[in-house]
Amino acid sequence: MPATGLSGLAFNDKTEGPSAMTKLKHLALSTALAAGVGLMAGLGAAPAFAEGKIVISNWDGYMPADLPEKFKEATGIDVEVALHGTNEEIMGKVVAGKGKGYDVLFVSSPFAEALNKLDLTAEIDASQIPNMANLYPEANELAYDPGNTFSVPYAWGTTGLCYRSDMVEGTPDSWNDLLQPADDLKGKITMLATDRWLMAAGLLAKGYSVNETDPAKIEEVKQLLIDAKKNLLAYDDTTFYSKLVSGEAALVHAWDGWCNYGIAENGDIKYVIPKEGTDLWVDTMVIPAASENKEAAHKFINYILGADTGKWVVENIMYKVPNKVAMDAIDPGMKDGYPNIAISPADLLKEEQLRDLGAAQKDYTKAVSEITASQ
């Protein structure tokens, strides 16, 4: 999700690996069409169809390295893994090529929703994915795709405040603690600069939807965030938890899994969802309508929904998964050490799900450009 330039990195541990990979995954969300048009030029074509294997595209480090080998052992089907650094990158390729050459795509939910609006997704046949039964009931109630008709959830989580409890007086429990901080926190705060998450902090502080499209409200939030900039140490989508560990920052705007990387290094680091609420982000798997291997693609998704892959995600990336069997299989101590992993699916669904903004995405992008460039 928040920046380019890191694709191809190899990740080997729970600190460097998940944080860099997750940074890629959380890039700014935009409409599929806008992303596609902007990225078509200069992109290589999608991988060519090869009989007897499926081609998937995923973020680097977002599934076990030996998964393709194990899947072939279990099914006899070869897997070619194509990596994408950002949602926008894969969307550009898919829109340009109408999805040809790919069989399974890992994309964030607004992108899955946008792909579906463009008729580029195949219908999910649940009868071919018996392991759908491993999902929590709540995972079938996601607003962007009720019943998982064109997508299957892979991981989910929240965005909130990550802070040093030994450096912050009391518990910061409002987005305004970030935007209008106490004097002793000024200059010790970082915020995410990615469009959807920077805007969400201001939108939620104002009591608005994280999917707000009213230009007047977007302008109001832009001004709030420009005013907040003077109190920041930095906008930081990549090293904010390290700043927290070192003590350079005391309070940071963070995705829950990233806060866990800090908690792993310093027990005084805590995570809280502000009282105004937050977003629920979901990463999904979709089958392109143009896939020539839909049966094999369904088998791949079914394999992913076994307990082992989801358990690996939680234990290595420190994200929650919508797979109940996988969550039940993790070391119980993880939920004690990283309390946000224990957030229930019912509580997750109380938060507002990120949706495709359509044409309003350009308003977010413009607002964030003006916020970050302001003096």
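In what follows, the structure referred to is the one given above.
(A) Summary view of the pattern of salt bridges. The tally for this structure, following the rule as stated, stands at 18 salt bridges. For the salt bridge of Lys243 with Asp236, the shortest nitrogen-to-oxygen distance reads 2.6 Å. We classify Lys243 as buried; its relative accessible area is 15%. Under the relative-accessibility criterion, Asp236 is labelled buried at 4%. Among the charged side chains, a salt-bridge network with shared partners connects Glu219, Lys222, Lys366 and Glu370.

(B) A look at the side chain of Asp283. Considering the arrangement of structural elements, one finds Asp283 in strand E9 (residues 279-286). Within the structure, the side chain of Asp283 is placed 2.7 Å from the side chain of Tyr62, a separation counted as a polar contact.

(C) Seen up close, the pairing of strand E3 (residues 104-108). With five of five residues buried, E3 lies mostly within the body of the structure. Burial along E3 is two-sided: Val104, Phe106 and Ser108 and Leu105 and Val107, pointing in opposite directions, are all buried. When E3 meets E9, the two strands line up antiparallel, connected through four bridges. Residue pairing across strands places Leu105 opposite Val286, the latter belonging to E9.

(D) Representation of the packing of aromatic side chains within the structure. Following the criterion strictly, the structure yields 13 aromatic pairs and no others. Pairing Trp258 with Tyr261 gives two aromatic rings, centres 6.2 Å apart and planes at 40 degrees, and the pair type is tilted. One end of the pair, Trp258, and the other, Tyr261, are both in helix H10 (residues 256-263), three residues apart, so they sit about a helical turn from each other. In this structure, Trp258 and Tyr261 share a single accessibility class: buried. Through a chain of ring-to-ring contacts, three or more aromatic side chains come together here, namely Trp197, Phe240, Tyr241, Trp255, Trp258 and Tyr261.

Definitions and limits used
Residues numbered from 1 in each chain as written. Predicted model: local features only at pLDDT ≥ 70, side-chain atom pairs only at ≥ 80, totals over all residues. Heavy atoms only, no water. Salt bridge = Lys/Arg side-chain N within 4 Å of Asp/Glu carboxyl O. Buried < 20%, exposed > 50% of the residue type's maximum accessible area, 1.4 Å probe, protein only. Helix = DSSP H or I, 4+ residues; strand = E, 2+ residues; numbered from the N terminus. Polar contact = N/O pair within 3.5 Å; in protein donor to acceptor, adjacent residues only side chain to side chain. Pairing = 2+ DSSP bridges. Phe/Tyr/Trp six-rings, centres within 6.5 Å; stacked < 30°, edge-to-face > 60°.

Don't take any of this as a statement about function, it's just geometry.
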